[in-house]
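Structure at a glance
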Amino acid sequence: MTTSYTAEATATGSGRSGRTRSSDGVLDLGLSVPRELGGAGGEGTNPEQLFAAGYAACFHSALQLVARREKENIEGSSVTSEVGLGPDGNGGYQLSVTLRVGLPGFEHARALELARAADLVCPYSNAVRGNVDIELSAE
């Protein structure tokens, strides 16, 4: 693979209760453990939220690329990503992802067709395929 771009971030502090910062300083966030995971909650974000945000943005870009190729106007479209975290049964943890693609004005079958095509293009989808349970829906 020829790398076109590399993002770099460093986590410091107490892991999920620490801080994360990108090398250019654009991203600089405090982290908090959610109550659901036994933490205090708080104003910080968490790795699952960051992954969900990145996946949603990346998948939406892939959807826009597919739409341009197929000469479809998807103005007003959206992608919502839900990232779940739970035990894997072997003492570790695993992720699950639900992607909800919003394509107002499209019939369900066509919206799902575009979403499935975007799934084949999206780098996040390609990275996790076969390792993370993904549920894909179109509305």
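Values in this document were obtained by computation on a predicted structure and should not be read as measured data.

1. Thoughts on the domain arrangement of the protein chain
Domain boundaries assigned for the protein chain yield domain 1 (1-45) and domain 2 (47-138). Look at where the C-alpha atoms of domain 1 and domain 2 centre, and you get two points 22 Å apart. In this complex, domain 1 contributes 7 residues to the contact, which on the side of domain 2 involves 5 residues. Summed over both sides, the interface between domain 1 and domain 2 buries roughly 490 Å², with carbon and sulfur atoms accounting for 62% of that surface. Together, Arg16, Leu37 and Thr45 form the three largest contributors to the area buried by domain 1 at its contact with domain 2, with a combined 73%. The interface formed by domain 1 and domain 2 contains 1 salt bridge. Note that Glu48 and Arg16 form a salt bridge whose closest N and O atoms lie 2.6 Å from each other. Where domain 1 meets domain 2, there are 2 residue pairs in polar contact (both at pLDDT 80 or more). Taken together, the residues of the side of domain 1 that touches domain 2 break down into 3 nonpolar, 3 polar and 1 charged.

Calculation notes
- Residues numbered from 1 in each chain as written.
- Predicted model: local features only at pLDDT ≥ 70, side-chain atom pairs only at ≥ 80, totals over all residues.
- Heavy atoms only, no water.
- Domains from an automatic or database assignment.
- Contact = heavy atoms within 4.5 Å.
- Buried area = accessible area lost by both parts, 1.4 Å probe.
- Salt bridge = Lys/Arg side-chain N within 4 Å of Asp/Glu carboxyl O.
- Polar contact = N/O pair within 3.5 Å; in protein donor to acceptor, adjacent residues only side chain to side chain.
- Nonpolar A, V, L, I, M, F, W, Y, C, P; charged D, E, K, R; others polar.

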